[in-house]
Structure formats: C-alpha cells, structure tokens
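In case you want the letters, here they are:
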Amino acid sequence: MSRQAALPAIAATLLTVFAGSLQAQAPAQDPVSFNFDGGFALQSNADLDAGEGGFSVNRWFLSLGLTYAWDRRNSLGISVGGGNSTYDFDDTPEFGPDGPWEEIEDTRISIVGRFAAGEKGSLFIIPSFRYNGEDDADTSDGRTWGVLAAYAWRFNPDLTLGPGIGVFSRLENSTRVFPFLAIDWNISEKWSLSTGRGLAASQGPGLTLGYKFNERWDLGLSGRYEKTEFRLREEGAVPGGIGQDRSFPLVLSGNWRPNRKVWLNLFAGIELGGRLKLKDENGDTLTESDYDPAAIFGGTFEFRF
C-alpha cells in the first residue's frame, strides 16, 4: 500500500517499515543497508456535509533510513523523514471563510528494532517522535511520540502471524491505543494477505490482499484506518488550535519490483467515512463535519542500497 502498497500518500510510514521487516527473511550480503522512500498523493475535491463548500488535498513525503543487521533475524535501524500536506478549502463558512488550515508539515524520527524471540518468533519494536503542524505553529505544542510493538510467530514458510499494539500520544495531552494484526500469509502461489503499508502520517492499522503475476509485478487491494492530527498556527482563525482529518481509504495498487533494491508503485482508490474536526488549543471540539467520498491517486517508491 501515514503521509500509504499504498494509500493516500507515502510508503514511508511506521507500519510500512514494520511490514517490510516482517517479510525480510533472507540474509543481507552487507550488515549495513540504506533505504530511500517517498511518494505523493492527490485527493480530489470532497464536499462537506455540515454546510457549503469542500476541500482537496495534495501530499508528499520523503524519508531516509539506515539499518544494521548483525544476522538475518536481528536488526536495528533509524529512519528520518519529512513531508507536507496542502489543503485547499473552497467556500467553507462552517470552518471560516479561508478554511481552518492550509499547509501541514510532518517531520519524524523513528527507531526500528527487529529481534529473534525463540526459534520461530520475532519481536518488533518501533518507537517514534514526530512533529505535525502548520507554519508558525508552536513547535513544542506540535510534538508527539508513539510506539508500535508486535510479536510474530512463523508457523511455516508461508504463514507468519501475531498480535501487535500501537500507543501514540495526542496533541491534547491524551493517549491513543489500538491493536493490529501482524500477518504475512502466502495463501497460494499467487495470493497473499499482509499487514498493510500506510500513509506517512498514518497511525492506523491496515491489511493488503495481493495477487502476484510474476517476480516483478503484482496487484494489491488495501484498506486501513487513517487519522492525523496537527497543531495550528498562532495567528490563524483558531490560534494554537488542533486540526484532525480521519478517513478509511480503500485503494488498488500496481507494484513493480525490477530487482531486490527497487520498488515502484502506482495506486488509485477512494476515501470513505471522512471527517474533519477543528478543536481549540485545549482539545475541545469547536466544529466538525463529515465529508463525501473522494477519489485518491498517487505513487510511491523505495530504493535500497
């Protein structure tokens, strides 16, 4: 499939890193490796249900990672990334004449740990620190932390399965906890089911059903829960407030892997169950609105070296 195989933005999310680690069983020739990821996504105009007007979104994200693997089952890495989501509001009196926000910056640092746990088990721990906010927003008020952890058991060469949990702080000084399923299942020679990759800004779980044409080409149908929060600038309509964008993207992706070091992806789909929410600086809701289903499309890439 974060800022999403694919979803409304980029394959550089924490769950993207986790999904790649889950499937990385072959030993590396060199213990030190680098990866460069990025992508973009465009969301078409979506009408708001609470009143007049609508909005569209353009997103991009880039990240660079370094991993040291002292054997095929144990590794430790660091990933640093940043991106931007530009919202274009059109005649939305419910959220103010110029819209509640414009450009949202996303910066993050994550540590990726994968450790052997017994003969067939693996433990994944991915702590992260991030900033999400508009230009001129208070940097300290836009910082959050989070951790993804999972234990996966390799039942056989075609099935790795286990429980996972995500714990993330919120901008209004609360904590969000969600479970997810860590899975890498080769259902048949052609079909597979795996933990879904996500948006760069994503914090939600997802699944991908894949069909493999050959060693280089495959298709994926991916769905996930997406939710992003960001701090608003001090001189906006709601000084120091909080914006939130939630949706359930469903996308079809085409993936090309010409070799083990290059992965390219194009995707298109629809965002369902969307909702925007505007809060004050303390996290109290000022206004919110569902928005109509919107088309999404874009592309992602990953280079390993």
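Residues numbered from 1 in each chain as written. Predicted model: local features only at pLDDT ≥ 70, side-chain atom pairs only at ≥ 80, totals over all residues. Heavy atoms only, no water.

A. Looking closely at the overall build of the protein. Looking only at helices and strands, the protein has one helix and 16 strands in total. Counting the 305 residues in the protein, one finds 50% classified as buried. Accessible surface, the protein: about 13800 Å² in total, of which carbon and sulfur atoms supply 57%. (Helix = DSSP H or I, 4+ residues; strand = E, 2+ residues; numbered from the N terminus. Buried < 20%, exposed > 50% of the residue type's maximum accessible area, 1.4 Å probe, protein only. Areas by Shrake-Rupley, 256 points an atom, 1.4 Å probe, with all protein chains shown as cover.)

B. Focus on the pattern of salt bridges. Throughout the structure, instances matching the rule amount to 10 salt bridges. With a shortest N-O distance of 2.8 Å, D106 and R108 are connected by a salt bridge. In this pair, the class of D106 matches that of R108, namely buried. A salt bridge links R275 to E288; the nearest nitrogen and oxygen atoms lie 3.0 Å apart. Here R275 is found in strand β14 (residues 262-279), whereas its partner E288 is found in strand β15 (residues 285-291), with 13 residues between them in sequence. (Salt bridge = Lys/Arg side-chain N within 4 Å of Asp/Glu carboxyl O.)

C. Representation of the environment of T285 in the model. Counting through the fold element by element, T285 comes out in strand β15. Look at T285 and you get partly exposed, because its relative accessible area is 41%. Separated by 43 residues in sequence, T285 and I242 place their C-alpha atoms 9.0 Å apart. Setting aside chain neighbours within four positions, we find T285 in contact with K277, L278 and K279. (Contact = heavy atoms within 4.5 Å.)

D. Molecular detail of the pairing of strand β9 (residues 191-195). Across three bridges, strand β8 (residues 175-186) lies against β9 in antiparallel orientation. Opposite D184, over in β9, you have S194 as the bridge partner. Between β8 and β9, which pair antiparallel one after the other, the connecting turn spans four residues. Across five bridges, β9 lies against strand β10 (residues 206-212) in antiparallel orientation. For L193, the partnering residue across the bridge sits in β10 and is L209. (Pairing = 2+ DSSP bridges.)

E. Layout of unusual backbone geometry. With phi around 70 degrees, D136 is a residue other than glycine that occupies positive phi space. With respect to the element layout, D136 can be found in the loop between β5 (121-134) and β6 (143-156). In this structure D136 comes out as exposed when scored by relative accessible area, which is 68%.

F. Summary view of the confidence of the model for the protein. Per-residue confidence for the protein gives a mean pLDDT of 85, with 86% of residues at or over 70. Contacts for the low-pLDDT stretch residues 1-17, under 50 throughout, to residues beyond four places or in other chains number 114 contacts. In the predicted structure, residues 24-28 sits below a pLDDT of 50 and forms seven contacts with residues beyond four places in sequence or in another chain. (pLDDT = per-residue confidence, 0-100.)

G. Structural view of the packing of aromatic side chains. One pass over the full model with this rule turns up 19 aromatic pairs. Relative to F305, the ring of F34 lies with its centre 5.7 Å away and its plane at 10 degrees, an arrangement referred to as stacked. Note that F34 is positioned in strand β1 (residues 32-47) and F305 in the segment after β16 (294-304), a separation of 271 residues in sequence. By relative accessible area, which is 36% here, F34 ends up partly exposed. Among the aromatic residues, ring-to-ring pairing joins F55, Y87, F89, W101, F230 and Y291 into one connected group. (Phe/Tyr/Trp six-rings, centres within 6.5 Å; stacked < 30°, edge-to-face > 60°.)

H. Here's a closer look at the environment of K190. Secondary-structure assignment places K190 in the loop between β8 and β9. Using a relative accessible area of 33% as the deciding quantity, one classes K190 as partly exposed. Considering only alpha carbons, one finds K190 and N214, 24 residues apart in sequence, at a separation of 8.4 Å. K190 has contacts with G210, Y211, K212 and F213, leaving out every residue within four places of it along the chain. A polar contact is formed between the side chain of K190 and the backbone oxygen of F213, at a distance of 3.0 Å. (Polar contact = N/O pair within 3.5 Å; in protein donor to acceptor, adjacent residues only side chain to side chain.)

I. Fine view of the nonpolar core. The biggest cluster of nonpolar side chains holds 16 residues, and the ones touching the most others in it are F55, Y87, W101 and L276. Elements represented by at least two residues in this core include exactly β2 (54-71), β3 (74-90) and β14. Not counting chain neighbours up to four residues away, the residues in contact with L276 comprise L48, F55, F89, F95, W101, Q244, D245, E288, S289 and Y291. Ranked by size, the runner-up nonpolar core spans eight residues in total, among them A150, F168, F178 and A182. (Core = buried A, V, L, I, M, F, W, Y, C linked by side-chain atoms within 4.5 Å.)

J. Up close: the side chain of T144. Topologically, T144 is positioned in strand β6. T144 gets classed as buried once you look at its relative accessible area, which sits at 10%. In this structure, T144 is in contact with S128, F129, R130, S169, R170 and L171, ignoring residues within four places of it in sequence.

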